[in-house]
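A look at the structure
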Amino acid sequence: MAVFEDGINRLRRCEIVLQDTQVPSTQTDFTVLLTHACLPTEMLDADGGNAAQNGGGDIRFSTDAAGASQIPIDVVTFTTDNDPLLARAEIYVKVPTLNGSSNTSIWTHYKPASTASQPAHTHAYGQDNAYDGNHQAFWPLHEDPSETAPQMKDRTVNVRHGTSNGTMTTGDSVAGQVGNCLDFDGTDDWINTSDFLDSVTVETVVMWGKRAATNKSVVVGKGRADLNAANGIEHYTDGNVYFAVATASGTYGYAAANDTAWRHYAMVYDGGATGNANRLKGYFNAVAQTLTFAGTIPATGPNIGAWEIGRDLGQSPDLYDNGLIDHVSVHNTNRSADWITTNY
């Protein structure tokens, strides 16, 4: 039985073992995703007697069995069900040390002696602290795009929420890689966020995407066609994936991928490195790609406005996505290849 920051006892606990085979090298303050598939069945079983609260207000995590070393948590979704196979969970916890050479154990604690709520998002163990300081934005994209703006919530402390545009409806929230994602129609659907990470020297952009057809596109980033400037990832209509950091000369790297499969895309930029291949790296499903480059990747990124999901302002006229996009994150550091693998 463990007591946490709210002073309420939790009557149940379960060890969750994070496998070192999924962690190429030790990571510090790594945000781990836990879904219903990772959690004990009793925790999800609404009429089983040992369930967590529907909504997950009572759930806490620690790095020790006693619960003395609590760690931050962000409960995006937690829905119990009388049939635990129908229950759903999407929870993020920041693990101080995720070991690459041996398994890492964390403990979940639940079933309170009285009704509990998640810590305030600003609390040391709350949502804001479930992501390291290099997370500039993280949009799970699971919300209904037809609800009151801004619909797409940024889970980080930066609160860079996104607003849906065009003719997006409830039906555009569909099953994705984890929970729901957004289905873009290729005509006028897009998400506008905010202007950040201008003139950067390092950054990482990560997304899941799936094109509707081989002549369609999915894109996350910012662009200005009149300046020939761009920053982001685009799986384009020609069957290539473009990783762009261009201030005024259309500089980018690209690799072929002419299919409609779900794909985990990552772009890592380091303007201080020497040579295009070291300054700009692209990954498919955590595998580094050999990029073909156009121009010289600049030492500093562009200053061209807001980040967008689903629309490419670098094209003239604007190019709208036709496909699925899920779990987009932007970071103000050049994440390592091992970090990309662990995230994937």
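We now turn to the structure provided with this report. (Residues numbered from 1 in each chain as written. Predicted model: local features only at pLDDT ≥ 70, side-chain atom pairs only at ≥ 80, totals over all residues. Heavy atoms only, no water.)

1. Concerning the overall build of the protein chain
- Along the protein chain, the regular secondary structure elements total 3 helices and 26 strands.
- For the protein chain, the C-alpha radius of gyration of 21 Å lies close to 20 Å, the compact-globule estimate for 344 residues.
- C-alpha extents for the protein chain along the principal axes are approximately 60 × 45 × 35 Å.
- The buried share of the protein chain, reckoned over its 344 residues, is 51%.
- Pairs at least 24 residues apart make up 69% of the contacts formed inside the protein chain by residues separated by at least 6 positions.
- Element-wise, carbon and sulfur atoms account for 46% of the exposed surface of the protein chain, whose accessible area totals about 13500 Å².
- Both charge centroids of the protein chain, one from 20 positive and one from 39 negative side chains, sit 3 Å from each other. (Helix = DSSP H or I, 4+ residues; strand = E, 2+ residues; numbered from the N terminus. Rg over C-alpha atoms; globule rule 2.2 N^0.38 Å. Buried < 20%, exposed > 50% of the residue type's maximum accessible area, 1.4 Å probe, protein only. Contact = heavy atoms within 4.5 Å. Areas by Shrake-Rupley, 256 points an atom, 1.4 Å probe, with all protein chains shown as cover. Lys, Arg positive; Asp, Glu negative; His and termini not counted. Charge placed at Lys NZ, Arg CZ, Asp CG, Glu CD.)

2. Thoughts on the pairing of strand 18 (residues 252-256)
- Burial along strand 18 is one-sided: the face carrying Gly 253 and Ala 255 is buried and the face carrying Tyr 252, Tyr 254 and Ala 256 is not.
- With 5 bridges connecting them, strand 17 (residues 240-246) and strand 18 associate as antiparallel partners. Counted as the bridge partner of Tyr 242 is Tyr 254 from strand 18.
- Two successive antiparallel strands, strand 17 and strand 18, enclose a turn made up of 5 residues, where Gly 250 displays a positive phi of approximately 65 degrees.
- As judged from the 3 bridges shared by strand 18 and strand 22 (residues 292-294), these two strands associate in the antiparallel manner. Residue pairing in the sheet places Tyr 254 in a bridge with Thr 292 of strand 22. (Pairing = 2+ DSSP bridges.)

3. What about the environment of Asn 54?
- By the secondary structure assignment, Asn 54 is in the loop between helix 1 (41-44) and strand 4 (60-62).
- Residues Asn 54 and Ala 87, 33 residues apart in the sequence, show an inter-C-alpha distance of 9.7 Å.
- Once residues lying within four places of it in the same chain are set aside, the contact partners of Asn 54 are Phe 78, Thr 79 and Thr 80.
- From its side chain, Asn 54 meets the backbone nitrogen of Thr 80 in a polar contact 2.9 Å long. (Polar contact = N/O pair within 3.5 Å; in protein donor to acceptor, adjacent residues only side chain to side chain.)

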